[in-house]
Amino acid sequence: MVFTGAGMSAESGLKTFRDSGGLWEDHRIDDVATPEAWKRNPEMVLRFYNERYRQLRQAEPNGAHLALAKLEAAYNVQIITQNVDDLHERAGSCNILHLHGELTKCRSNLDENVIYPMPPSGLQIGDLCKFGSQLRPHIVWFGEPVPAMIQAEKLVAEADLLIVIGTSLIVYPAAGLVFQAKPGVEIIIADPGELNYTLWDRAKHIRGNAATTIPILVEELLNKA
Ligand code: OAD
């Protein structure tokens, strides 16, 4: 089981949220990532996500994404990601659960199950779903439920190794997933930052950037298989 956050894609050129220079330094969550922001100023919300989408189209999977895809040669790998990019998919991983939505899709304002591919130039005011309502980014905003959590909790509870990559583990409910690992299951956390949790007495910390540390970890695991 691999649980990823924004640090996973940092070396693909996509900014994290809370590091110095991160996305939440230049943008207020309340302005761009809540249902209230969408009601108040949909243009600003679309500008923010269209820019994320534009950058994603120029980004490529990095060595960490590619290494995780290779791990499937010998292991049953399930990825749960908080990331809204499609770099795990493009690297070739097969089992990916997106907790916070996907930049490459948009959806109806009226029915969250009516989902479309994102138009190549992003979403504009006036782009409508089949019911005639404005389309919105297929993103889980702050204050909204996380529909994939139940499935994610089940998957983590079944894991026999949990690898956590590039997440500050600050945003709930996603961050709580690590507590679903069965007692005794090894937890490896790959992140260049400090671990600020007492629970992590239980975890092995691999300190460094994902594109460097994950290919090494994957080689070790493949050698053990
Ligand atoms: P954060 O920005 O909170 O945390 C990024 C983590 O990546 C930090 O722990 C960094 O130390 C680590 N990091 C930075 N560079 C790295 C690298 N090259 N390799 C590995 N790790 C690196 O991002 P998330 O934890 O993903 O949600 O944030 C969680 C959620 O908060 C996001 O999904 C998003 C955001 O607001 C929504 O928008 C709903």
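Figured I'd write up the structure that's included with this text. (Residues numbered from 1 in each chain as written. Predicted model: local features only at pLDDT ≥ 70, side-chain atom pairs only at ≥ 80, totals over all residues. Heavy atoms only, no water.)

1. Here we look at the pattern of salt bridges
Any two side chains of opposite charge can pair if their charged atoms end up close together.
Okay, step 1: The tally for this structure, following the rule as stated, stands at nine salt bridges.
Okay, step 2: Taking the shortest distance from any N to any O, the salt bridge between Arg 54 and Glu 51 comes out at 2.7 Å. With a gap of three residues between them, Arg 54 and Glu 51 both fall in helix 4 (residues 42–58), about one helical turn apart.
Okay, step 3: Where salt bridges share partners, they join Arg 28, Asp 30 and Asp 31 into one cluster. (Salt bridge = Lys/Arg side-chain N within 4 Å of Asp/Glu carboxyl O. Helix = DSSP H or I, 4+ residues; strand = E, 2+ residues; numbered from the N terminus.)

2. As for the sheet that holds strand 4 (residues 101–108)
Okay, step 1: Here three strands make up an open sheet; going across it, the order is 5-4-6 and the pairing antiparallel. With partners counted over all chains shown, the strands left at the sheet margins are strand 5 (115–117) and strand 6 (135–139), one partner each. Averaged over all neighbouring strand pairs, the angle between strand axes comes to 45°, with direction disregarded.
Okay, step 2: Alignment of strand 4 against strand 5, held across three bridges, turns out to be antiparallel. Residue pairing for strand 5: Lys 105 is matched across the bridge by Pro 117.
Okay, step 3: Running over the sheet, helix 4 touches strand 4 and strand 6 and is turned about 135° from strand 4. (Pairing = 2+ DSSP bridges. Axes fitted to C-alpha atoms, helices over the stretch in contact; angles between N-to-C directions. Contact = heavy atoms within 4.5 Å.)

3. Things to note about the site of the ligand
Okay, step 1: Close contacts around the ligand come from 23 residues, with Phe 17, Arg 18, Thr 167, Ser 168 and Asp 191 the closest.
Okay, step 2: Take Gly 166: an N or O atom from its main chain is 3.3 Å from an oxygen atom of the ligand.
Okay, step 3: Contact with the protein chains covers 92% of the free accessible surface of the ligand, which is 790 Å².
Okay, step 4: Counted by class, the shell around the ligand contains nine nonpolar, 10 polar and four charged residues. (Near = heavy atom within 4 Å. Polar contact = N/O pair within 3.5 Å; in protein donor to acceptor, adjacent residues only side chain to side chain. Areas by Shrake-Rupley, 256 points an atom, 1.4 Å probe, with all protein chains shown as cover. Nonpolar A, V, L, I, M, F, W, Y, C, P; charged D, E, K, R; others polar.)

4. Regarding the nonpolar core
Side chains of nonpolar character tend, in soluble globular proteins, to be buried together.
Okay, step 1: One finds Phe 3, Ile 80, Leu 99, Leu 162, Val 164 and Leu 177 to be the most contacted residues of the largest nonpolar core, which totals 25 residues.
Okay, step 2: Of all the elements in the fold, those that place two or more residues in this core are helix 7 (149–157), strand 7 (161–165) and strand 8 (186–190).
Okay, step 3: Broken down by element, the residue count for this core peaks at four residues, all from helix 7. (Core = buried A, V, L, I, M, F, W, Y, C linked by side-chain atoms within 4.5 Å. Buried < 20%, exposed > 50% of the residue type's maximum accessible area, 1.4 Å probe, protein only.)

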